[in-house]
Amino acid sequence: MVEAIVYLLAGLGAFLVGFKVLSDNVQKLANRKLKQMFNKVTNNRLIGVGIGTAITMIIQSSSVTTVMVVGFVNAGVMNLLQATTIIMGANIGTTITAQLVALQALDVTMYA
């Protein structure tokens, strides 16, 4: 039991360190052109949800999508409304992916 708690805390620590490193590096790389690109792409809320859904379905992790988006907000590249639409799309992407696997709608092993 103690070992499981230690592993849990170690995993959480690694996740938080990775988040901090990502956030710091995004702040260094953030420039005006990147901000303009995000403004152009995520101005429409439906497009923002679609982008979040697509990214999550491609990388198979809404946590990674959310961490990246929070890093962009922390760097000042995105605003909170843009981040919210992408995170909502990430949640939808996770749900769709899980349903495809659960319903066996397509041969997952072929794509894996």
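Quick caveat, the model's predicted, so the values are computed rather than measured.

Cut-offs used in this document
- Residues numbered from 1 in each chain as written.
- Predicted model: local features only at pLDDT ≥ 70, side-chain atom pairs only at ≥ 80, totals over all residues.
- Heavy atoms only, no water.
- Helix = DSSP H or I, 4+ residues; strand = E, 2+ residues; numbered from the N terminus.
- Buried < 20%, exposed > 50% of the residue type's maximum accessible area, 1.4 Å probe, protein only.
- Areas by Shrake-Rupley, 256 points an atom, 1.4 Å probe, with all protein chains shown as cover.
- pLDDT = per-residue confidence, 0-100.

**What about the overall build of the protein?**
Scanning the protein from N- to C-terminus turns up six helices and zero strands. In sequence order, the protein lays out its α and β elements as α-α-α-α-α-α. Viewed in the frame of its principal axes, the protein has a C-alpha envelope of about 45 × 40 × 20 Å. The proportion of buried residues among the 112 residues of the protein is 22%. For the protein, the exposed area adds up to about 7,800 Å²; of that, 69% sits on carbon and sulfur atoms.

**Observations regarding the confidence of the model for the protein**
Summary statistics for the protein give a mean pLDDT of 82 and a share of 93% for residues scoring 70 or more. No element of the protein has a lower mean pLDDT than helix H6 (residues 108-111), which averages 62, and none a higher one than helix H3 (residues 45-59), which averages 87.

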